[in-house]
Amino acid sequence: MAALADPTRRAILSRLAHGEASVTELAAPFAITMPAVSRHLRVLEQAGLVRRRQDAQRRPCRLDTGPLRAAAAWLRELVTEAGDGPDGPSGEHRQPPDPAPGAAR
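Here's a quick rundown of the structure. (Residues numbered from 1 in each chain as written. Predicted model: local features only at pLDDT ≥ 70, side-chain atom pairs only at ≥ 80, totals over all residues. Heavy atoms only, no water.)

## Some points on helix H1 (residues 7-16)
Using the following cut-off: Only protein chains enter the accessibility calculation, which uses a 1.4 Å probe; a residue whose area is less than 20% of its type maximum is buried, one above 50% is exposed, and one in between is partly exposed. Helical segments are the DSSP runs of H or I of at least four residues, strand segments are the runs of E of at least two, and each set is numbered from the N terminus. Comment: arc refers to directions from the helix axis out to C-beta atoms. For this analysis, residues touch if any pair of their heavy atoms sits within 4.5 Å. Any pair of nitrogen or oxygen atoms within 3.5 Å is treated as a polar contact; in protein, a donor-acceptor pairing is required on top of that, and neighbouring residues in sequence qualify only through side-chain atoms on both sides.
All buried positions along H1 are accounted for by Thr8, Arg9, Ile12, Leu13 and Leu16. Along the axis of H1, the buried positions cluster into a sector of 140°, meaning they face one direction only. Of the surrounding elements, those touching the buried residues of H1 are helix H2 (23-27), helix H3 (34-46), strand S1 (50-52) and strand S2 (61-63). Its side-chain oxygen 2.8 Å from the backbone nitrogen of Thr8, Asp6 forms the N-cap of H1.

Structure below.
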C-alpha cells in the first residue's frame with residue numbers, strides 16, 4: 001500500500017497498464033530527474049508491482065497485476081466483513097430518520 005501512496009508511482013502504474021515501457025518513456029511526462037524515476041521504479045519493484053526484463057540494451061518495465069489483484073480481493077473482503085454500517089458496502093452515508101413533525105430537536 002505504501003508504494004501506491006505516491007501519485008507519481010500511481011501514474012507510472014497507469015502508464016504500464018497500457019504496456020511495457022522503458023525508464024525514459026516512463027520519465028517523459030514528469031518534471032523530475034531520471035534518478036528520481038528510477039527510485040520510484042525501485043519502490044514499485046520491491047512491492048512486486050513492476051518487473052523489468054533484459055531486451056538487448058533496454059530493460060523495459062511491465063506491470064505485474066498479481067499484488068494488485070490480491071489487494072483488491074482483500075479490500076473487497078474487508079468491506080464485506082464490515083457489513084452495513086453507516087458507510088457500508090454501498091458507500092452511501094445513511095442519514096438518521098427525520099423526527100416526527102412537532103417533535104423537539
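## Considering the pattern of salt bridges
For clarity, the threshold we go by: One side-chain nitrogen of Lys or Arg within 4 Å of one carboxyl oxygen of Asp or Glu is enough to make a salt bridge.
By the definition in use, this model includes three salt bridges. With its nearest N and O atoms 2.8 Å apart, the salt bridge here joins Glu20 to Arg53. Of this pair, Glu20 sits in the loop between H1 and H2 while Arg53 sits in the loop between S1 and S2, and the two are 33 residues apart along the sequence. Assessed through its relative accessible area of 33%, Glu20 is described here as partly exposed.

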